Amino acid sequence: GAGVSQSPSNKVTEKGKDVELRCDPISGHTALYWYRQSLGQGLEFLIYFQGNSAPDKSGLPSDRFSAERTGGSVSTLTIQRTQQEDSAVYLCASSHTDRDEAFFGQGTRLTVV
Amino acid sequence: DAKTTQPTSMDCAEGRAANLPCNHSTISGNEYVYWYRQIHSQGPQYIIHGLKNNETNEMASLIITEDRKSSTLILPHATLRDTAVYYCIADVSTSYGKLTFGQGTILTVHP
């Protein structure tokens, strides 16, 4: 596709379960970012990838959160032992290089019940 | 990243120009000004960015004051589809594209 694709678009999970969120960036984009947006809040940076490396993980809120990127393309954000406060929209963005404008996906709406 | 200040909300009549201000009085010489917008239930969308000179593209114009302490995003002929939250971000050009979003301006375009 032409844009950043995220899946699933919606996910409802029980507290304590693990979830995986997927991001397919625009082909050829080397930089990839994860953000999250809680209800009524601004966007919060989580992690940045350059290729398969993550030089900045400073925004990950706890050690229950992890992310990886393989082949310089697809990225997966994993949340272990989900808590209700993890409920949010998780947004992925990619850019051609880390100096170019970012293109965002539509997000995954995660609801922890 | 420089702190930016934007009005919480603004209204605009359809077909008129929407002028969205942003203050970034602590901006450094190498920090760009970026504008993104987020339409309800969608991911943010890049609009425009600039360093010193005014910029124009198919979506908007960006006017940056000479001292670079403030800027204005101009949507020349606002439509109902321009109703969104508009974010002004000052970022360091030498860093990677980590964006620090504030609360933005809620622009409502009225018929």
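Scroll up to find the structure this text is about.
Residues numbered from 1 in each chain as written. Chains lettered and ligands numbered in written order. Predicted model: local features only at pLDDT ≥ 70, side-chain atom pairs only at ≥ 80, totals over all residues. Heavy atoms only, no water.

1. Regarding the packing of aromatic side chains
Right, on to step 1. Enumeration according to the criterion identifies 10 aromatic pairs over all chains in this entry.
Right, on to step 2. On the numbers, 6.1 Å between centres and 85° between planes, the contact of F104(A) with Y36(B) is edge-to-face. Placement of F104(A) in strand β10 (residues 103-104) and of Y36(B) in strand β3 (residues 31-38) is noted, with the two residues assigned to different chains.
Right, on to step 3. With a relative accessible area of 9%, F104(A) lands in the buried category. (Phe/Tyr/Trp six-rings, centres within 6.5 Å; stacked < 30°, edge-to-face > 60°. Helix = DSSP H or I, 4+ residues; strand = E, 2+ residues; numbered from the N terminus. Buried < 20%, exposed > 50% of the residue type's maximum accessible area, 1.4 Å probe, protein only.)

2. Here we look at the state of the cysteines
Right, on to step 1. Scanning the entire structure with this criterion turns up 2 disulfides over all chains.
Right, on to step 2. Between C23(A) and C92(A) runs a disulfide, and the two sulfur atoms are separated by 1.9 Å. Residues C23(A) and C92(A) share a disulfide whose torsion about the S-S bond is about -65°; that sign makes it left-handed. Of this pair, C23(A) sits in strand β3 (residues 19-24) while C92(A) sits in strand β9 (residues 88-95), and the two are 69 residues apart along the sequence.
Right, on to step 3. In this structure C92(A) comes out as buried when scored by relative accessible area, which is 0%.
Right, on to step 4. Here C22(B) is linked by a disulfide to C88(B), with a sulfur-sulfur distance of 2.1 Å. The S-S bond linking C22(B) to C88(B) shows a torsion near -80°; that makes this disulfide left-handed. Remark: C88(B) occurs in strand β8 (residues 84-92) and C22(B) occurs in strand β2 (residues 18-23); sequence separation between them is 66 residues.
Right, on to step 5. Counting only cysteine sulfurs, C22(B) is the nearest neighbor of C12(B), a cysteine outside any disulfide, at a range of 18 Å. (Disulfide = S-S within 2.5 Å.)

3. Some details on the interface of chain B and chain A
Right, on to step 1. Taken together, the 19 residues of chain B in the interface contact 18 residues of chain A.
Right, on to step 2. Here chain B packs against chain A, burying approximately 1500 Å² in sum over the two surfaces, 51% of which is carbon and sulfur.
Right, on to step 3. Where chain B touches chain A, the interface holds 1 salt bridge.
Right, on to step 4. K98(B) is the salt-bridge partner of D56(A), the closest N and O atoms lying 3.8 Å from each other. (Contact = heavy atoms within 4.5 Å. Buried area = accessible area lost by both parts, 1.4 Å probe. Salt bridge = Lys/Arg side-chain N within 4 Å of Asp/Glu carboxyl O.)

4. As for the pattern of salt bridges
Right, on to step 1. Within the structure shown, the criterion is met by 5 salt bridges over all chains.
Right, on to step 2. A salt bridge links E44(A) to R36(A); the nearest nitrogen and oxygen atoms lie 2.9 Å apart.

5. Concerning the sheet that holds β2(B)
Residue and element names in this part refer to chain B.
Right, on to step 1. Pairing is antiparallel in the open sheet, where 4 strands are placed in the order β2-β7-β6-β5. The open sheet has two edge strands with one neighbour each: β2 and β5 (55-56).
Right, on to step 2. Direction of pairing for strand β6 (residues 61-64) relative to strand β7 (residues 70-75): antiparallel, over a ladder of 4 bridges. In the sheet register, S61 faces β7, and the bridge partner there is I74. (Pairing = 2+ DSSP bridges.)

6. Notes on the environment of Q38(B)
Right, on to step 1. When you line up the elements, Q38(B) lands in strand β3.
Right, on to step 2. Sequence spacing of Q38(B) and I64(B) is 26 residues, and the spatial spacing of their C-alpha atoms is 22 Å.
Right, on to step 3. Of the polar contacts made by the side chain of Q38(B), one reaches the side chain of Q37(A); its length is 2.8 Å.
Right, on to step 4. Among the polar contacts made by the side chain of Q38(B), one reaches the main-chain carbonyl oxygen of Q42(B) at a distance of 2.9 Å. (Polar contact = N/O pair within 3.5 Å; in protein donor to acceptor, adjacent residues only side chain to side chain.)

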